[in-house]
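# Summary of the model geometry
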Amino acid sequence: MATEYTNRGIYRQRMAPTGLVSFEVKHGFSDLWIAATKDLTARANKQLVLLYTNLEKYITRQPVFRTALAPVSVIKDAPPLIKVMGQAGKIAGVGPMASVAGAIAQELAVYLEDWSERVIIENGGDVVFRGIPRVKIGVFAGASPFTGRLTLEFISENGELAVCTSSSTVGPALSFGQVDAAIVAANSGYLADAMATALGNRVRQVTEINEALDWAMQVPGVTAALVIMGSTIGIRGAVQVV
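Notes on the structure in this doc start here.

Conventions adopted
Residues numbered from 1 in each chain as written. Predicted model: local features only at pLDDT ≥ 70, side-chain atom pairs only at ≥ 80, totals over all residues. Heavy atoms only, no water. Helix = DSSP H or I, 4+ residues; strand = E, 2+ residues; numbered from the N terminus. Buried < 20%, exposed > 50% of the residue type's maximum accessible area, 1.4 Å probe, protein only. Expected span 1.5 Å × (residues − 1). Polar contact = N/O pair within 3.5 Å; in protein donor to acceptor, adjacent residues only side chain to side chain. Pairing = 2+ DSSP bridges. Axes fitted to C-alpha atoms, helices over the stretch in contact; angles between N-to-C directions. Phe/Tyr/Trp six-rings, centres within 6.5 Å; stacked < 30°, edge-to-face > 60°. Lys NZ or Arg CZ within 6 Å of the ring centre and 35° of its normal.

### Structural notes on the environment of glycine 142
Note that glycine 142 resides in the loop between strand E5 (134–138) and strand E6 (151–155). For glycine 142, a relative accessible area of 24% translates into the label partly exposed. As for glycine 142 and aspartate 180, which are separated by 38 residues in sequence, their C-alpha atoms are 6.1 Å apart.

Here's what the structure looks like:
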């Protein structure tokens, strides 16, 4: 695995935006880089622990929630985090845990808005933005020649956007496809994360890219989708290569 991916400090040094304070919060399998108008480490850490506590308690009630690779129905009185993960899984046709990184980032970003009108939360390829209408993101796609040479610009009319990535060649996440990167932009982190997983699962060869992208773009809430497979790239939606 490439050093630049495994050492998050390398690319996080390049992310720090002007006018925002950046800090890191870690708990469970979340390693979050956060940017806000002030240092909110203590509040972010407390809320992250609470989100994990709710998730872990729920999994003891419904163990299949952790292991399912297909959508599952959640218990009626499940916490809000669980409900949105279950809904995202149903929309994308994947297990609910496929959206966990984006869902946690989303819930935490919304929580921190009470103290910061602008918030960015990144967790290894999954990024949630609040109060930021225009963002530029560099692409890391393993051995693909597009790595380090491609910057994507996304625009959100209301300043709320999530961009998530799935890969079968980079990182520990489970993928049934053969893509170097499947990237989805959506109006929420849980939807973007689940859809990125589902998009990557659908592509095992180059000839399947266009059909998979067409499928992703018909899902309400998805604003852009990309697939990188070696030297081939497919792009749809509200995104520009800059």
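Having seen the structure, we can now continue with the description.
### Remarks on helix H7 (residues 189–201)
Helical periodicity: at 3.6 residues per turn, an α-helix aligns residues three or four positions apart in one direction. For H7, built from 13 residues, the straight-helix expectation of 18 Å at 1.5 Å per residue is met to within 8% by its first-to-last C-alpha distance of 18 Å. Taken together, the buried positions of H7 are Gly189, Leu191, Ala192, Asp193, Ala194, Met195, Ala196, Thr197, Ala198, Leu199, Gly200 and Asn201. N-capping of H7 is provided by serine 188, with a side-chain oxygen placed 3.3 Å from the backbone N of leucine 191.

### Side note on the sheet that holds strand E1 (residues 21–27)
Across the sheet, 8 strands lie side by side as E1-E2-E3-E4-E7-E8-E9-E10; this open sheet has antiparallel pairing. Each edge of the sheet is formed by a strand with only one pairing partner; in this case those strands are E1 and strand E10 (232–237). Ignoring which end each strand starts from, the neighbouring axes of this sheet average 10° apart. Of the strand pairs in this sheet, strand E9 (residues 222–229) and E10 are connected by 6 bridges, and their pairing is antiparallel. Within the sheet, the bridge partner assigned to leucine 226 lies in E10 and is isoleucine 235.

### Concerning the packing of aromatic side chains
Tallied over the entire structure, the rule returns 3 aromatic pairs. Centre to centre, the rings of phenylalanine 29 and tyrosine 52 are 5.0 Å apart; their planes meet at 70°, and the pair counts as edge-to-face. Linking phenylalanine 29 in the loop between E1 and strand E2 (30–36) with tyrosine 52 in helix H3 (residues 41–61), this pair joins segments that are 23 residues apart in sequence. Taking the relative accessible area as the measure of exposure, tyrosine 52 reaches 1% and is therefore buried. Relative to tryptophan 115, the ring of tyrosine 111 lies with its centre 5.0 Å away and its plane at 55°, an arrangement referred to as tilted. Residue tyrosine 111 is classed as partly exposed on the basis of its relative accessible area, which comes to 24%. The class for tryptophan 115 is partly exposed, based on a relative accessible area of 26%. Geometry around tryptophan 215 places arginine 202 over its ring, the cationic atom sitting 3.8 Å from the centre.

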